[in-house]
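Chain by chain, the residues:
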Amino acid sequence: MVDVKCEIVIQRPRAAVAGFAADPNNAPTWYANIGSAVHRGGPPVGVGTLVDFGARFLGRELKYTYEFVEWVPGSRL
């Protein structure tokens, strides 16, 4: 298991940041190691949504799936 924590202050309205970050298609734009994000089933995002990611980390190719288990638009993902 790997735990990763990143923080940054973004000078934009919370709703704009939350909307951008919650869209799986934007993941390769804001996270350098992610090369692909495929949202199974398509929008909208919600509890039960599955997203398949392809990434490179420490010189290795990784493939993994996130499942959204909690969803409060603009607040919690």
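Look a little higher up for the structure.
Calculation rules
- Residues numbered from 1 in each chain as written.
- Predicted model: local features only at pLDDT ≥ 70, side-chain atom pairs only at ≥ 80, totals over all residues.
- Heavy atoms only, no water.
- Phe/Tyr/Trp six-rings, centres within 6.5 Å; stacked < 30°, edge-to-face > 60°.
- Helix = DSSP H or I, 4+ residues; strand = E, 2+ residues; numbered from the N terminus.
- Buried < 20%, exposed > 50% of the residue type's maximum accessible area, 1.4 Å probe, protein only.
- Salt bridge = Lys/Arg side-chain N within 4 Å of Asp/Glu carboxyl O.
- Pairing = 2+ DSSP bridges.
- Axes fitted to C-alpha atoms, helices over the stretch in contact; angles between N-to-C directions.

Some points on the packing of aromatic side chains
1) Next: Scanning the entire structure with this criterion turns up four aromatic pairs.
2) Next: Pairing Phe53 with Tyr64 gives two aromatic rings, centres 5.4 Å apart and planes at 25°, and the pair type is stacked. Taken together, the residues span a long stretch of sequence, with Phe53 in strand β2 (residues 50–57) and Tyr64 in strand β3 (residues 60–67) at a distance of eleven residues.
3) Next: Under the relative-accessibility criterion, Phe53 is labelled buried at 9%.
4) Next: With relative accessibility at 25%, the residue Tyr64 sits in the partly exposed group.
5) Next: Taking the centre distance of 5.5 Å and the plane angle of 45° together, the rings of Tyr64 and Tyr66 count as tilted.
6) Next: One aromatic cluster in this structure is built from Phe53, Tyr64 and Tyr66.

Comments concerning the pattern of salt bridges
1) Next: Under the definition given, this model contains four salt bridges.
2) Next: Residues Arg76 and Glu70 are paired through a salt bridge, measuring 3.0 Å at the closest nitrogen-oxygen approach.

Concerning the sheet that holds β2
1) Next: With antiparallel pairing, three strands are arranged side by side in an open sheet as β1-β2-β3. Each edge of the sheet is formed by a strand with only one pairing partner; in this case those strands are β1 (34–40) and β3. The mean inter-strand angle of the sheet, taken between neighbouring strand axes irrespective of direction, is 15°.
2) Next: Sheet topology places β2 next to β3; eight bridges connect them, and they run antiparallel. Opposite Val51, over in β3, you have Tyr66 as the bridge partner.

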